[in-house]
Amino acid sequence: METIDLRSDTLTRPTPAMRAAMAAADVGDDVFGEDPTVNRLEAMAAEITGKAAALLVASGTMANLVSVLTHCQRGDEMILGDQAHIFFYEQGGSAALGGVQPRILPNRPDGTMALSDIAAAIRPTDVHFPTSRLIALENTHNRCMGTPLTADYTGAVAELAHANGMSLHVDGARIFNAAAALQVTVKELVASADSLSFCLSKGLGAPVGSLVCGDAAFIRRARRLRKVVGGGMRQAGILAAAGIVALTQHVARLDVDHANARRLAQGIADIPGLAVDADAVHTNIVFFDVTAEGLSAGDLVTRLAQAGVRVLAPGSNRIRAVTHLHITEADVERVIDILSLTLGDR
């Protein structure tokens, strides 16, 4: 039987509709603004998110880097959570390439930072301190069980930022998953944010690409910064075509991934030697802990791979599984059976 790969939703392959659209894409030079398919995708992204303009970039990391560098100058400070993807998984690019200092606050289990902590972290005007310029949120929050952040919370953070002359950026890599889980529109979720990034290549199933969205002046500056970090992709309409298919055909099916993730968590909860908070699974990400004596997460990952299931171990006792476009209900039941047999064979 084929391997069931739950390491990430980045592992999806282009659908036949995507391949057909990519092959037929009308292209031009996007650095000159002349790729009609890229222009169409950017206009769609702006409309869906309620922002004035959008910019196609190569990856989620590039999207966040370009966004932070557009908001901040060298020596400025950005406030974000200690579990944030920008802080945890992006090589400190904002600091390394932009000289932007991170001010790290604890993320709560639901992915939020306490408003009181954010307020206390904003620097007063003093020659000894960096300038607090930006607050960054993540929605859904990857390392916090893929939890969606509400529009009310985002609005409260935005109000705090704007009252202090700061901006709010939302790392919305999986913002469409958040909208599906909360049964609201993406536009509602990010209405108060100054900028947003979202990935086409995660829950939406496209092979490459992310979008940066904001007002027209912001996107003009971001376009220049995209160029300087090597993101001018020329005839990128071939990639944008897949993104258009993702936005038009794959958003409505995200509830399937969420239902599969909940079923996976419920099955894991019944297996001795594993622990999971199934009630905390709201989107397509499941974290569970290995509690069986003498078994590490790394050991279990190896044994599962041998049995045809691939997952990741982000900690010594913690495992992450992500449902996506290519994972079926039958796959989930097979994974539960393999986990049960694997733990029972010890």
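First things first, this report covers the structure right here in the doc. (Residues numbered from 1 in each chain as written. Predicted model: local features only at pLDDT ≥ 70, side-chain atom pairs only at ≥ 80, totals over all residues. Heavy atoms only, no water.)

**Let's talk about the side chain of T323**
Test applied: Segments assigned H or I by DSSP are reported as helices when at least four residues long, segments assigned E as strands when at least two residues long, and all are numbered from the N terminus. Each polar contact in these results corresponds to two N or O atoms within 3.5 Å; when the atoms are within protein, one needs to be able to donate a hydrogen and the other to accept it, and residues that are neighboring in sequence are counted only if both atoms are side-chain atoms.
Secondary-structure assignment places T323 in the loop between β12 (318–322) and α14 (329–344). Separated by 2.8 Å, the side chain of T323 and the backbone oxygen of D257 make a polar contact.

**A few points about the packing of helix α1 (residues 16–24) against helix α11 (residues 237–250)**
Relative orientation and spacing of two packed helices are given, respectively, by the angle between their axes and the distance between those axes. In plain terms, the rule: Note on geometry: axes are C-alpha line fits, over the in-contact stretch for helices, and angles between N-to-C directions span 0 to 180 degrees. Here is the rule for angles: anything less than 35 degrees is roughly parallel, anything more than 145 is roughly antiparallel, 65 through 115 is roughly perpendicular, and the remaining ranges are oblique. In a left-handed crossing the near helix is turned counterclockwise from the far helix by less than a right angle, and in a right-handed crossing that turn is clockwise. Any pair of residues with heavy atoms lying within 4.5 Å of one another is described as a contacting pair. All residues other than Ala, Val, Leu, Ile, Met, Phe, Trp, Tyr, Cys, Pro, Asp, Glu, Lys and Arg, Gly among them, are scored as polar; the first ten of these are nonpolar and the last four charged.
The contact between α1 and α11 brings their axes to 8 Å, and the two run at 140°. The angle between α1 and α11 falls in the class oblique. α1 and α11 meet at a crossing whose hand is right-handed. Every residue of α11 that contacts α1 at A17, M18, A21 and M22 is listed here: I238, L239, A241, A242, V245, A246, Q249 and H250. In terms of residue class, the contact of α1 with α11 is made up of ten nonpolar, two polar and no charged.

**Quick look at the pattern of salt bridges**
Note the following rule: Salt bridges are defined as contacts in which a side-chain nitrogen from Lys or Arg sits within 4 Å of a carboxyl oxygen from Asp or Glu. Burial status follows relative accessibility: with a 1.4 Å probe on protein chains alone, a residue under 20% of its type maximum counts as buried, one over 50% as exposed, and anything between as partly exposed.
Scanning the entire structure with this criterion turns up twelve salt bridges. We note a salt bridge from E42 to R223, for which the minimum N-O separation is 3.5 Å. You can see E42 sitting in helix α2 (residues 36–49) and its partner R223 sitting in helix α10 (residues 216–228), a full 181 residues away along the chain. In this structure R223 comes out as partly exposed when scored by relative accessible area, which is 29%. Note that R133 and D76 form a salt bridge whose closest N and O atoms lie 2.8 Å from each other. Of this pair, R133 sits in strand β5 (residues 132–138) while D76 sits in the loop between α3 (60–71) and β3 (77–81), placing them 57 residues apart in sequence. Judged by relative accessible area, which is 29%, R133 ranks as partly exposed. Salt bridges linked by common partners bring E77, R103 and R123 together as one network.

**Observations regarding the sheet that holds strand β10 (residues 285–290)**
What counts, and what does not: Any two strands with at least two DSSP-identified bridges between them are counted as paired.
The antiparallel open sheet is built from three strands, whose spatial order is β9-β10-β12. Only two strands of the sheet have a single partner each, and these edge strands are β9 (274–275) and β12. Bridging between β10 and β12 involves five bridges; their strand directions are antiparallel. Counterpart to V286 in the pairing with β12 is A321. Helix α12 (residues 254–269) contacts β9, β10 and β12 of the sheet and is inclined by roughly 15° relative to β10.

**A look at the environment of E77**
Here E77 lies in strand β3. Overall, E77 belongs to the buried group, its relative accessible area being 0%. Distance in space between the C-alpha atoms of E77 and L189 is 25 Å, their sequence separation being 112 residues. What E77 contacts, discounting residues up to four positions off in sequence, is V100, Q101, R103, A121, R123, P130, T131, S132, R133 and L134. Polar contacts involving the side chain of E77 include one to the side chain of R123, which spans 2.8 Å.

**Here we look at α2**
Let me state the cut-off plainly: By definition here, a helix of n residues has an expected span of 1.5 Å times n minus one.
Between the first and last C-alpha of α2 there are 20 Å, a value that for 14 residues agrees with the 20 Å anticipated at 1.5 Å per step. For α2, the full list of buried residues reads T37, V38, L41, E42, M44, A45, A46 and T49. Each element contacted by the buried residues of α2 is listed here: β2 (53–57), α9 (186–189), β7 (195–199), β8 (210–214), α10 and α11. Phi turns positive one or two residues past the end of α2, at G50, with a value near 75°.

**So, the sheet that holds β3**
As summarised here, the arrangement of the seven strands in space is β2-β8-β7-β6-β5-β3-β4, forming an open sheet in which the pairing is mixed. The open sheet has two free edges, formed respectively by β2 and β4 (101–105), since each of these has just one partner strand. If you compare each strand with its neighbour and ignore which way they point, the axes differ by 20° on average. With three bridges connecting them, strand β6 (residues 167–171) and β7 associate as parallel partners. Looking across to β7, one finds that D171 is bridged to S197.

Shape descriptors only; they carry no functional weight alone.
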